[in-house]
Amino acid sequence: MYNQKQEEGKVSRRVLLSALIAGLAVVVIFTVTPWNYIPTEVTEDVTVIATTEYGCVGESQFGLNVVVPDCSAQVGDTVSATFNVPSGLLNGYWEELEKRQNPMVDEWDKDVSGTGLSP
């Protein structure tokens with residue numbers, strides 16, 4: 001007769017490794033990903049810069065072009081628009097990220113275009 005020995009309380013390596021990978025994935029997702037990329041709905045008054053067959057195109061204070069459907073306003077008028085803006089743009093995350101990635105670029109350098117050596 002065959003005697004099988006059973007060990008209680010031991011977790012197999014495969015289960016332990018799977019739990020470790022799942023836990024690491026959850027931590028990475030919640031610390032890196034969504035908070036600065038989830039869109040936030042914003043309503044503001046925008047200045048109409050063009051009219052099209054789809055409606056009016058306005059420019060928001062964030063520098064985004066917004067289409068307002070069923071709009072009969074003329075160029076230069078102000079209309080109310082509701083649109084989505086990435087949270088990173090609202091809370092300054094993208095600006096801070098840009099500063100950290102390019103620490104030697106200051107405000108003056110951003111406006112300079114062309115090639116060549118600086119004086």
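Shown above is the structure to which this text applies.
Presented here is a report on the structure given in the accompanying data block. Within each chain, residues carry numbers counting from 1 in the order of the written sequence. Owing to the predicted nature of the model, reporting of local features is limited to residues with pLDDT of at least 70; listing and counting of side-chain atom pairs is limited to 80 or more, with chain, interface and lining totals taken over all residues. The side-chain values count all of the structure's non-hydrogen atoms but skip hydrogen atoms and water molecules.

## What to know about the side chain of Ser60
Right, so step 1: Here a strand is any run of E in DSSP of at least two residues, a helix any run of H or I of at least four, and the numbering for each starts at the N terminus. Tracing the sequence through the fold places Ser60 in the loop between strand E2 (55-59) and strand E3 (65-69).
Right, so step 2: Relative accessible area decides the class of each residue, using a 1.4 Å probe on protein chains only: under 20% of the type maximum gives buried, over 50% gives exposed, and in between gives partly exposed. Residue Ser60 is classed as buried on the basis of its relative accessible area, which comes to 6%.
Right, so step 3: If sequence neighbours within four positions are ignored, Ser60 has contacts with Glu44, Val46, Val66 and Phe83. We call two residues in contact whenever any of their non-hydrogen atoms come within 4.5 Å of each other.

## Description of the state of the cysteines
Right, so step 1: Two cysteine sulfur atoms make up a disulfide if the distance between them is within 2.5 Å. Taken as a whole and judged by the stated rule, the model has one disulfide.
Right, so step 2: The residue that forms a disulfide with Cys56 is Cys71, at a sulfur-sulfur distance of 2.1 Å. Given an S-S torsion of about -85°, the disulfide between Cys56 and Cys71 has left-handed geometry. With Cys56 in strand E2 and Cys71 in the loop between E3 and strand E4 (78-86), the pair connects residues that are 15 residues apart, well separated along the chain.
Right, so step 3: Looking at Cys56, the relative accessible area reads 1%, which means it is buried.

## Description of the sheet that holds E3
Right, so step 1: Being paired, for any two strands, means DSSP has found at least two bridges between them. A sheet is described by the order of its strands in space; here four strands give the open sequence E3-E2-E1-E4, paired in antiparallel fashion. Each edge of the open sheet is held by one strand with a lone partner, namely E3 and E4. On average, each strand axis in the sheet is inclined to that of its neighbour by 50°, with strand direction left out of account.
Right, so step 2: Pairing of strand E1 (residues 39-52) with E2, which is carried by five bridges, proceeds in the antiparallel orientation. Across the sheet, residue Thr52 finds its bridge partner in E2, namely Gly55. Each axis is a line fitted through C-alpha atoms, taken for helices only over the stretch in contact, and angles between the N-to-C directions span 0 to 180 degrees.

## What about the side chain of Ser87?
Right, so step 1: Within the element layout of this structure, Ser87 appears in helix H2 (residues 87-90).
Right, so step 2: Exposure remark for Ser87: the relative accessible area of 13% places this residue in the buried category.
Right, so step 3: A polar contact of 2.8 Å, which involves the side chain of Ser87, links it to the side chain of Thr40. Here a polar contact means two N or O atoms within 3.5 Å. Within protein one must be a hydrogen donor candidate and the other an acceptor candidate, and residues neighboring in sequence count only if both atoms are side-chain atoms.

## Let's talk about the pairing of E2
Right, so step 1: Of all five residues in E2, four are buried, a share of seventy percent or more.
Right, so step 2: Between E1 and E2, which follow one another and run antiparallel, lie two residues.
Right, so step 3: In sequence, E2 turns back onto E3 through a hairpin of five residues, with Gly63 there showing a positive phi of about 85°.

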